[in-house]
Amino acid sequence: AGGMIGVSISWWSGATLILSRKFSARRFFSECRDSRATVIQYIGQICRYLVCTKPTSSDRDHNVTKAIGNGMQLDTWPKFQRRFGIPYIGEFYA
């Protein structure tokens, strides 16, 4: 159900949906930057994987302003927001 939220909202709103062939924590934000994504959808521990990558000078060099998903651990939330500069996180359970 959670995976369909991003897809169905894209269909409903006419937004562009970008899918990567394979998840890579190291390449995630460069793919966001290259595609000019403004919203990301996460599941489970993806945000923790991103926080655990080696910090770079381009960590905030993207257009993402919202992260929506479920399963982000409470201790990961502030680290993720601070490091990647994403002001809005919407956590839900579907």
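Conventions used here
- Residues numbered from 1 in each chain as written.
- Predicted model: local features only at pLDDT ≥ 70, side-chain atom pairs only at ≥ 80, totals over all residues.
- Heavy atoms only, no water.
- Core = buried A, V, L, I, M, F, W, Y, C linked by side-chain atoms within 4.5 Å.
- Buried < 20%, exposed > 50% of the residue type's maximum accessible area, 1.4 Å probe, protein only.
- Helix = DSSP H or I, 4+ residues; strand = E, 2+ residues; numbered from the N terminus.
- Contact = heavy atoms within 4.5 Å.
- Salt bridge = Lys/Arg side-chain N within 4 Å of Asp/Glu carboxyl O.
- Pairing = 2+ DSSP bridges.
- Axes fitted to C-alpha atoms, helices over the stretch in contact; angles between N-to-C directions.
- Phe/Tyr/Trp six-rings, centres within 6.5 Å; stacked < 30°, edge-to-face > 60°.

Caption draft 1: Molecular detail of the nonpolar core. In terms of nonpolar packing, the biggest core is built from 17 residues, with Phe29, Ile40, Phe80 and Ile86 touching the most fellow members. Elements with a contribution of two residues or more to this core: helix H2 (28-35), strand S1 (39-43), helix H3 (46-51) and helix H4 (76-84). A total of 4 residues in this core trace back to one element, the largest contributor, which is H3. What phenylalanine 80 contacts, discounting residues up to four positions off in sequence, is Phe29, Ile40, Cys47, Leu50, Val51, Ala67, Met72, Gly85, Ile86 and Ile89.

Caption draft 2: Spotlight on the pattern of salt bridges. All chains considered together, the criterion is met by 3 salt bridges. Among the salt bridges present, the one from glutamate 31 reaches arginine 27, with a minimum N-O distance of 3.8 Å. The partly exposed category is assigned to glutamate 31, whose relative accessible area is 30%. For the salt bridge of arginine 83 with aspartate 59, the shortest nitrogen-to-oxygen distance reads 2.7 Å. On the criterion of sequence distance, the pair formed by arginine 83 in helix H4 and aspartate 59 in the loop between H3 and strand S2 (66-70) is long-range, its members being 24 residues apart.

Caption draft 3: Just the sheet that holds S2, in detail. Spatially, the 3 strands line up as an open sheet ordered S1-S2-S3, and their pairing is parallel. Because the sheet does not close on itself, it has two edges, and the strands there are S1 and strand S3 (88-91). Between one strand axis and the next, the sheet turns by 20 degrees as a mean value, whatever way the strands run. Two strands pair when backbone bridges link them, and S1 and S2 are joined in this way by 5 bridges, in the parallel orientation. Opposite isoleucine 40, over in S2, you have alanine 67 as the bridge partner. Its contacts with the sheet put H4 on S1, S2 and S3, and the angle it makes with S3 is roughly 150 degrees.

Caption draft 4: Region of interest: the packing of aromatic side chains. Scanning the model with the defined rule gives 5 aromatic pairs in all. On the numbers, 5.1 Å between centres and 85 degrees between planes, the contact of phenylalanine 28 with phenylalanine 29 is edge-to-face. Taking relative accessible area as the criterion, phenylalanine 28 reaches 14% and is therefore assigned buried. For the ring pair phenylalanine 29 and phenylalanine 80, a centre distance of 6.5 Å and an interplane angle of 40 degrees mean the geometry is tilted.

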